[in-house]
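An overview of the molecular structure
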Protein chains: 2
Amino acid sequence: MAPSVAVENLNPKVLKCEYAVRGEIVIHAQRLQQQLQTQPGSLPFDEILYCNIGNPQSLGQQPVTFFREVLALCDHPSLLEKEETKSLFSADAISRAKRILSTIPGRATGAYSHSQGIKGLRDAIAAGIALRDGFPANADDIFVTDGASPGVHMMMQLLLRDEKDGILCPIPQYPLYSASIALHGGTLIPYYLDEKTGWGLEISELKKQLEDARSKGIDVRALVVINPGNPTGQVLAEDNQCDIVRFCKNEGLVLLADEVYQENIYVDDKKFNSFKKIARSIGYGEDDLPLVSFQSVSKGYYGECGKRGGYMEITGFSASVREQVYKIASVNLCSNITGQILASLIMNPPKEGDESYAAYKAEKDGILQSLARRAKIHLPQKAIEAAKAAKKAPDAFYALRLLEATGIVVVPGSGFGQVPGTWHIRCTILPQEDKIPAVITRFKAFHEAFMAEYRD
Amino acid sequence: MAPSVAVENLNPKVLKCEYAVRGEIVIHAQRLQQQLQTQPGSLPFDEILYCNIGNPQSLGQQPVTFFREVLALCDHPSLLEKEETKSLFSADAISRAKRILSTIPGRATGAYSHSQGIKGLRDAIAAGIALRDGFPANADDIFVTDGASPGVHMMMQLLLRDEKDGILCPIPQYPLYSASIALHGGTLIPYYLDEKTGWGLEISELKKQLEDARSKGIDVRALVVINPGNPTGQVLAEDNQCDIVRFCKNEGLVLLADEVYQENIYVDDKKFNSFKKIARSIGYGEDDLPLVSFQSVSKGYYGECGKRGGYMEITGFSASVREQVYKIASVNLCSNITGQILASLIMNPPKEGDESYAAYKAEKDGILQSLARRAKIHLPQKAIEAAKAAKKAPDAFYALRLLEATGIVVVPGSGFGQVPGTWHIRCTILPQEDKIPAVITRFKAFHEAFMAEYRD
């Protein structure tokens, strides 16, 4: 009898998922990975280490104290009745925890909540959005999720019927989108960001890819926009965003706005504008555009990846479609309450006048400044010339050499946009915690050898 | 232009999901729900309240103190450096938190972990399983999940290719299974539990349903067994479990063992045996049977639904199939760390000699005894006779009357098995916290009227 469960009889969408990751470096890494399987020992390393995903606290970034004070008090509310607590926790953390607990029936942080999240926390999130945008936000539009990923999966599950349904995604993109589209059996329609306009999103490119997909019989359902695009500060200009909103309305696309990096802006003359704010600014109401905004507690200065918190704000869906979203959410009961509380905190951090404000501000600024510094690498002139000879951007040249020498996959900054003459890599650490020491050792050895080779 | 997103162009599997919930009371409830939509005001209530899912802490059950002490310390580790902490927390909670933090690189409870969960916590879970079963357990076999539901979804996503793939599920069943099978496009093959053998799982019934499904061209991939079946104490007998294990091996089925109620046994002569223990006891090794055991922090005496913690232990899958499970897990990065810590705690609670043991034991026993008491209702003789005249079990009669009068959906105990002459309902509270006061008011009014009507 054949084995009851074998790769041959698994869901082919699951199998296909692994071919969905894109980008030159990652594709090259996959090639090297195959080589390692077919010819073990043929490379100077035994495995590929994907460092293209952000996990700041595993690298020593400390959590914001105020957030953790509130979480600890909500986890163990009987602390609030003890005198010693006043000397261990800030006064505003105590009052915030009390306020949060008062919105939870029975103060039960161990109970399933409403499948969209605790109503009081959604009220707080909506208030934070309204303050940020200057336009009203409604708690009924908020679906609190275990990070942004489950929200993206829910949308893909909702919209994708088969491989004839397509989703427009930016290239380069976060592999979540390609993986989720593959898992749900749809087709990823790539569009390319244009370096000449500061990595803006050209409407002509969107139109071209949309028409190309339609000519192949693809029903394009949605446009994914990631703004800001990454921690190095690529932020879409306001008029570019207006054009995108109009394009989605005219073409009948759902706008899936990945806005998880809204706090990661390191350039003074750039400003984050949510797509909902842009849509309302040009007079578009609920009925003009189905729009989903994703936010996460994992990014920004908070970096609380392990807490799995986030939300999506859904506007412009009919009541009957929204009911289907609610149904998918309710099959999973609810997102974790710790993550829910944290999502409400990042949208309502301490304000001036609060006891915690000075400490909070110092922690926040320290983290953001450190992130900005860390993104940059200094390359010797000789390395820049060697890159030119190889027809590569210097940071892409560095990233390829790093991959070939060590198996470590990073993303060159030239794939994201950067100030001319500066070079960056996006090097972050994947979940496999036991491999972190190896990454650091190999990376250090490579960097020293590279710098020695190209010393000016 | 047609609306870009409408019910008509959504994923049909999402739409189908709502027809997947089964059982007489629930089907009747759905009928009443439709009636409310087409003829508003035609019933003595405005909406249907599904109370067929467990949420103890929303009804006042207090969390176990030791668990919450450890969570608070892990959320805010700087407490561990303060002198006052020693008077606020038990000594073993402090040492447990230190031990847990020491297994997390950088003590970072805000970092993404390994996609299967933090290795040190999986070691602790495996040790707890080994102690429970008397057979070894391996941390590499543990996938820590946000409650049991995501684990079930992952298995359905893995196994189901299309509607020709079937999963054998018990009736009555927890609606998660029907919903998940519908969402992933497979077919639910029902099998019925037999009241005459104490709601045992008859192999003849399994065979009959399996052959019937195969004759229709269905490729039956797995058998779902829920053991213990529910909080009233239905526990499969050991020899029955042996037969089930042999049946799965002989028929080439994956055994999906829902063992989330392993602590909810209220009868002295019954004992929980995990299916893995049973399989190993009869000499079956890894290669004989693909077996997945689901556990959750939401059930038992812990009842930590909102924390979304749980795990699945996977044995008997080939390395290449396991890799696919890992891939699905990694697309979602990791489960929430608070839930991960809690999963390790419920599998390793305080032991005799620990400072917290006496308080822990008192809390645990109090909760379990209270749950056992609460499951029972006392019906007057007249009501029992009225039920007999209506050809219903007395508790089913009560449940139907409750539904018709109030819109509240509960599960009659006769659908689960109970001591002859006793009657039970399973009445629990759905996530919609704002409706809880209405449920209690309506339920109380109904119960008083019912008891008055049938007073002996």
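All values derive from a computational prediction rather than experimental measurement.

Criteria and cut-off values
Residues numbered from 1 in each chain as written. Chains lettered and ligands numbered in written order. Predicted model: local features only at pLDDT ≥ 70, side-chain atom pairs only at ≥ 80, totals over all residues. Heavy atoms only, no water. Helix = DSSP H or I, 4+ residues; strand = E, 2+ residues; numbered from the N terminus. Contact = heavy atoms within 4.5 Å. Areas by Shrake-Rupley, 256 points an atom, 1.4 Å probe, with all protein chains shown as cover. Axes fitted to C-alpha atoms, helices over the stretch in contact; angles between N-to-C directions. Parallel < 35°, antiparallel > 145°, perpendicular 65-115°, else oblique. Left-handed = near helix turned anticlockwise from the far one by under 90°. Nonpolar A, V, L, I, M, F, W, Y, C, P; charged D, E, K, R; others polar. Pairing = 2+ DSSP bridges. Least-squares fit on C-alpha atoms with pLDDT ≥ 70 in both. Buried < 20%, exposed > 50% of the residue type's maximum accessible area, 1.4 Å probe, protein only. Core = buried A, V, L, I, M, F, W, Y, C linked by side-chain atoms within 4.5 Å. Phe/Tyr/Trp six-rings, centres within 6.5 Å; stacked < 30°, edge-to-face > 60°. Salt bridge = Lys/Arg side-chain N within 4 Å of Asp/Glu carboxyl O. Disulfide = S-S within 2.5 Å. pLDDT = per-residue confidence, 0-100.

1. Observations regarding the overall build of chain A
The number of helices and strands found in chain A is 17 helices and twelve strands. Within chain A, counting contacts between residues at least 6 apart in sequence, those at least 24 apart form 71% of the total. About 17700 Å² of surface is accessible on chain A, with carbon and sulfur atoms providing 54% of the total.

2. Here's the deal with the packing of helix H9 (residues 203-215) of chain B against helix H10 (residues 238-251) of chain B
Residue and element names in this part refer to chain B. One way to put it is that H9 packs onto H10 with a least axis distance of 11 Å and a crossing angle of 25°. On the basis of the axis angle, H9 is roughly parallel to H10. Judged by the sense of rotation from one axis to the other, the crossing of H9 with H10 is right-handed. In this structure, H9 uses Ile203, Leu206, Lys207, Leu210 and Arg214 to contact H10, whose residues at the interface are Asp243, Ile244, Phe247 and Glu251. Classifying every residue of the contact of H9 with H10 gives five nonpolar, no polar and four charged.

3. Description of the sheet that holds strand E3 (residues 165-171) of chain A
Residue and element names in this part refer to chain A. The strand order E2-E8-E7-E6-E5-E3-E4 describes an open sheet built from seven strands, whose pairing is mixed. The open sheet has two free edges, formed respectively by strand E2 (142-145) and strand E4 (187-192), since each of these has just one partner strand. Adjacent strand axes in the sheet meet at a mean angle of 20°, parallel and antiparallel pairs treated alike. In terms of strand pairing, E3 meets E4 through six bridges, oriented parallel. The partner of cysteine 169 across the bridge, within E4, is proline 190. Along the sheet face, helix H9 (residues 203-215) touches E3, E4 and strand E5 (219-226) and points at about 150° away from the line of E4.

4. A word on the relation of the copies chain A and chain B
When chain A is fitted to chain B, the best match, at an RMSD of 0.1 Å, comes from turning it 180° and sliding it 0.0 Å along the axis. Such a combination of rotation and displacement between the chain copies is what one expects of a two-fold axis. Considering only C-alpha atoms, the part of chain A nearest the rotation axis is A:Ala72, at 2.1 Å. When the interface residues of chain A are mapped onto chain B, 100% of them again fall at the interface, so both copies present the same face.

5. Some details on the environment of A:Gly200
All names here are of chain A. With respect to the helices, strands and loops of the structure, glycine 200 is situated in the loop between E4 and H9. A relative accessible area of 7% means that glycine 200 is categorised as buried. Considering only alpha carbons, one finds glycine 200 and valine 235, 35 residues apart in sequence, at a separation of 8.2 Å. Those residues within four positions of glycine 200 in sequence are excluded, and the remaining contacts are Leu193, Asp194, Leu236 and Asn240.

6. Quick notes on the nonpolar core
Ranked by internal contacts, the top residues of the largest apolar core, which has 81 residues, are A:Met155, A:Phe317, B:Met155 and B:Phe317. Aside from chain neighbours lying at most four places away, what touches B:Phe317 is A:Val5, B:Met155, B:Leu158, B:Val254, B:Pro290, B:Leu291, B:Val292, B:Arg322 and B:Val325. Core analysis: the next-biggest nonpolar cluster, separate from the first, contains 76 residues, A:Ile100, A:Val144, A:Leu368 and B:Cys74 among them.

7. Points about helix H3 (residues 65-75) of chain A
With respect to burial, H3(A) is a largely interior element, ten of its eleven residues being buried. Along H3(A), the residues that are buried comprise A:Phe66, A:Phe67, A:Arg68, A:Glu69, A:Val70, A:Leu71, A:Ala72, A:Leu73, A:Cys74 and A:Asp75.

8. Considerations on the packing of aromatic side chains
All names here are of chain A. If you walk through the whole model with that rule in mind, you get 23 aromatic pairs over all chains. Here the aromatic rings of tyrosine 357 and tyrosine 360 are separated by 6.3 Å at their centres, their planes lie at 45°, and the arrangement is tilted. Residue tyrosine 357 and its partner tyrosine 360 are both found in helix H14 (residues 357-374); the two are separated by three residues, about one turn of the helix. For tyrosine 360, a relative accessible area of 4% translates into the label buried. Each residue in the set Phe66, Phe67, Tyr301, Tyr302, Tyr357 and Tyr360 is aromatic and connected to the rest through ring pairs, giving one cluster.

9. Section: the pattern of salt bridges
Under the defined criterion, the tally for this structure stands at 37 salt bridges over all chains. For A:Glu453, the salt bridge goes to A:Arg401, with nearest N and O atoms at 2.7 Å. Separated by 52 residues along the polypeptide, A:Glu453 in helix H17 (residues 436-453) and A:Arg401 in helix H16 (residues 394-406) bring together distant segments of the chain. Ionic pairing is found between B:Glu251 and B:Arg214, a salt bridge with its closest N-O pair at 2.8 Å. Here the residue B:Glu251 occupies a position in helix H10, and B:Arg214 occupies one in helix H9, the gap between them amounting to 37 residues. Salt bridges linked by common partners bring A:Arg161, A:Asp165, A:Asp219 and A:Arg221 together as one network.

10. Quick word on the state of the cysteines
This structure, assessed with the given rule, holds zero disulfides over all chains. Among the cysteines around B:Cys334, which has no disulfide bond, A:Cys305 carries the closest sulfur, lying 8.1 Å off.

11. Digging into the environment of B:Ile125
All names here are of chain B. By the element assignment, isoleucine 125 lies in helix H6 (residues 119-133). Taking the relative accessible area as the measure of exposure, isoleucine 125 reaches 0% and is therefore buried. For the pair isoleucine 125 and alanine 139, spaced 14 residues apart in sequence, the C-alpha to C-alpha distance is 7.4 Å.

12. Comments concerning the sheet that holds strand E7 (residues 291-296) of chain B
Residues and elements named next belong to chain B. The strand order E2-E8-E7-E6-E5-E3-E4 describes an open sheet built from seven strands, whose pairing is mixed. Bordering the open sheet on either side are strand E2 (142-145) and strand E4 (187-192), each of which pairs with just one other strand. Between one strand axis and the next, the sheet turns by 20° as a mean value, whatever way the strands run. Both E7 and strand E8 (residues 310-315) contribute to a ladder of six bridges, which runs antiparallel. Residue valine 292 lies in a different strand from E8, and its bridge partner there is isoleucine 314. Strands E2 and E8 of the sheet are contacted by helix H12 (residues 319-331), whose axis makes an angle of about 20° with E2.

13. Topic: the environment of B:Val5
Relative to the helices and strands, B:Val5 is located in the segment before helix H1 (12-16). Take B:Val5: its relative accessible area is 6%, and that puts it in the buried class. Residues contacting B:Val5, with those up to four places away along its chain left out, are A:Leu159, A:Arg221, A:Val254, A:Pro290, A:Phe317, A:Val321 and B:Leu10.

14. Considering unusual backbone geometry
For the bond from A:Asn227 to A:Pro228, the omega torsion is -10°, close enough to zero to count as cis. Counting through the fold element by element, A:Pro228 comes out in the loop between E5 and helix H10 (238-251). The phi dihedral of A:Arg308 is positive, around 50°, even though this residue is not glycine. Looking at the secondary structure, you find A:Arg308 in the loop between strand E7 (291-296) and strand E8 (310-315). Here the phi dihedral of B:Leu333 falls at roughly 70°; this positive angle occurs in a residue that is not glycine. Examined against the element boundaries, B:Leu333 turns out to sit in the loop between H12 and helix H13 (337-346). The exposure class of B:Leu333 is buried, given its relative accessible area of 4%.

15. Remarks on the confidence of the model for chain A
For chain A, per-residue confidence averages 86 on the pLDDT scale, and residues scoring 70 or more make up 86% of the total. Here residues 19-23 of chain A scores under 50 on pLDDT; set against residues more than four positions off or in separate chains, the count is eleven contacts.

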